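One-letter residues, chain by chain:
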Amino acid sequence: MKNKKEKTENSKALPKFLVTIVVATLIGGGLGYLSGIVGATNLPQTVVQGLYRVLKIFAPWSIWVSSAVLLGVGIWKYRAAKRLFLGWDGEDEESMEKAEEQLNWTMLANALGMILNYSFFAIGVQLLDVGMAAVGLFLSFILSMVVMTVLQQKVVDLTRQMNPEKRGSIYDMKFQKKWLASCDENELRQMGQAAYKAFTTVTYTCVGLWAILVLLAYVLDVGILPVCLVMLIWGVSQVTYVLECIRLGRHR
């Protein structure tokens, strides 16, 4: 009965799967053909050169601008969470849930800020000549990272006040391990669901980036390094996930 049910589900899903593959192949082939036509002109190189000029102008100020925006959002959300906690009467669970949500928004803004910092710093190193602009970029990177680290610790401290059972400091190299050990079953379940969502998102993103880079190869001389890096990230994600499933299955 079980095998029959599995065969029925497979037979229902197979036609849609095959149609999806055919459509994706046709779209990819069409885009590849168009990319080849565009690559025969000087348009791609003109666009790239223009992009480099814009980035070179923006590079010295990039970290200041992104940090001002995202740190502003993060501090605003953190203060909103703190006000909700300080005004908590000890019984209204909805207020605590709202405070935790505000802290999550703070962590999101902080994470985006750090990612942009690393990105803009790498771009600046490649485009800026050695001089005051490069020194300013370096100092802005260090200062922004310090402020973001402090804000992250503020979030952890406030979370520990809201949940006294929580343990850990982000300045501790074993913070993740200690924090995880202090989480209850509901929190661990939420982390598991969020982690699986992140895993599937990374998978789809890597597939999309692979397709984009393959198409760009017809237009620009991107080389094999970008594709190799995407495959490396994809491989690490897949292998880590499967090995962790094997490890957890042994200790179940």
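Asks: Can you break down the overall build of the protein chain residue by residue, with the values?
Replies: When its secondary structure is counted, the protein chain shows seven helices and zero strands. Across the protein chain, helices and strands are ordered from the amino to the carboxyl terminus as α-α-α-α-α-α-α. Looking at the protein chain residue by residue over its 252 residues, the buried ones come to 24%. Carbon and sulfur atoms form 68% of the exposed surface of the protein chain, whose accessible area is close to 18,200 Å².

Asks: An account of the nonpolar core is requested, with residue identities and associated values reported.
Replies: Ranked by size, the top nonpolar core spans 18 residues in total, and within it I63, Y78, A81, F85, L103, L158 and M162 carry the most contacts. Where this core is concerned, the elements lending two or more residues are α2 (43-86), α3 (93-127) and α4 (132-162). Of all the elements, α4 adds the most residues to this core, at eight residues. If you look at the next biggest cluster of nonpolar residues, it comprises five residues, including V156, I170, F175 and W179.

Asks: Give a detailed account of the layout of surface pockets, specifying residues and quantitative values.
Replies: Looking at the largest pocket, its volume works out to about 1,100 Å³. Considering the residues around the largest pocket, the lining is formed by 28 residues, among which N104, W179, C183, E187 and M191 are closest to the centre. Sorting the residues of the lining of the largest pocket by element identifies α3, α4, α5 (175-181) and α6 (185-216) as the ones contributing at least two each. The biggest single contributor to the lining of the largest pocket is α6, with eight residues. By residue class, the composition of the lining of the largest pocket is 13 nonpolar, eight polar and seven charged.

Asks: Outline a negative patch on the surface, supporting the account with residue identities and numerical values.
Replies: Among the surface-exposed residues, D89, E91, D92, E93, E97 and E100 lie close enough to one another that they form a single negatively charged patch. When you line up the elements, E100 lands in helix α3.

Asks: How would you explain the environment of I212 if you had to name every residue and give the values?
Replies: By secondary structure assignment, the location of I212 is in helix α6. A relative accessible area of 48% means that I212 is categorised as partly exposed. Separated by 15 residues in sequence, I212 and V227 place their C-alpha atoms 9.6 Å apart.

Asks: Break down α6 for me, with residues and values.
Replies: Compared with the 46 Å implied by 1.5 Å per residue over 32 residues, the 46 Å span of α6 between its first and last C-alpha is a close match. For α6, every residue scored as buried is listed here: F199, T200, T203, C206 and L213. Against the buried residues of α6 lie α7 (225-250).

Asks: If you had to explain the pattern of salt bridges to someone new, which residues and values would you point to?
Replies: Under the defined criterion, the tally for this structure stands at four salt bridges. A salt bridge links E165 to K166, with the shortest nitrogen-to-oxygen separation between them at 3.7 Å. Put simply, K166 and E187 hold a salt bridge, and the shortest N to O gap is 2.7 Å. Linking K166 in the loop between α4 and α5 with E187 in helix α6, this pair joins segments that are 21 residues apart in sequence. In this structure, a network of salt bridges that share partners links the residues E165, K166 and E187.

Asks: Run through the packing of α6 against α7, naming residues and quoting values.
Replies: Closest axis-to-axis distance for the α6/α7 pair is 10 Å, and the angle between their directions is 155 degrees. Taken together, the axes of α6 and α7 are roughly antiparallel relative to one another. In this structure, α6 crosses over α7, and the sense of that crossing is left-handed. Here Y196, F199, V202, T203, C206, V207, L209, W210 and L213 of α6 lie close against α7, whose contacting residues are P226, V227, V230, M231, I233, W234, S237, Q238 and Y241. Split by residue class, the contact of α6 with α7 holds 15 nonpolar, three polar and no charged.

What counts and what doesn't
- Residues numbered from 1 in each chain as written.
- Predicted model: local features only at pLDDT ≥ 70, side-chain atom pairs only at ≥ 80, totals over all residues.
- Heavy atoms only, no water.
- Helix = DSSP H or I, 4+ residues; strand = E, 2+ residues; numbered from the N terminus.
- Buried < 20%, exposed > 50% of the residue type's maximum accessible area, 1.4 Å probe, protein only.
- Areas by Shrake-Rupley, 256 points an atom, 1.4 Å probe, with all protein chains shown as cover.
- Core = buried A, V, L, I, M, F, W, Y, C linked by side-chain atoms within 4.5 Å.
- 1 Å grid on protein atoms, 1.4 Å probe; cavity = no way out; pocket = protein on both sides within 12 Å on 5 of 7 lines; lining within 4 Å.
- Points joined across faces, edges and corners; volume = space filled by probe spheres on them.
- Nonpolar A, V, L, I, M, F, W, Y, C, P; charged D, E, K, R; others polar.
- Patch = residues over 30% accessible without salt bridge, like charges linked within 9 Å, V, L, I, M, F, W, Y side chains within 5 Å.
- Salt bridge = Lys/Arg side-chain N within 4 Å of Asp/Glu carboxyl O.
- Lys, Arg positive; Asp, Glu negative; His and termini not counted.
- Charge placed at Lys NZ, Arg CZ, Asp CG, Glu CD.
- Expected span 1.5 Å × (residues − 1).
- Contact = heavy atoms within 4.5 Å.
- Axes fitted to C-alpha atoms, helices over the stretch in contact; angles between N-to-C directions.
- Parallel < 35°, antiparallel > 145°, perpendicular 65-115°, else oblique.
- Left-handed = near helix turned anticlockwise from the far one by under 90°.

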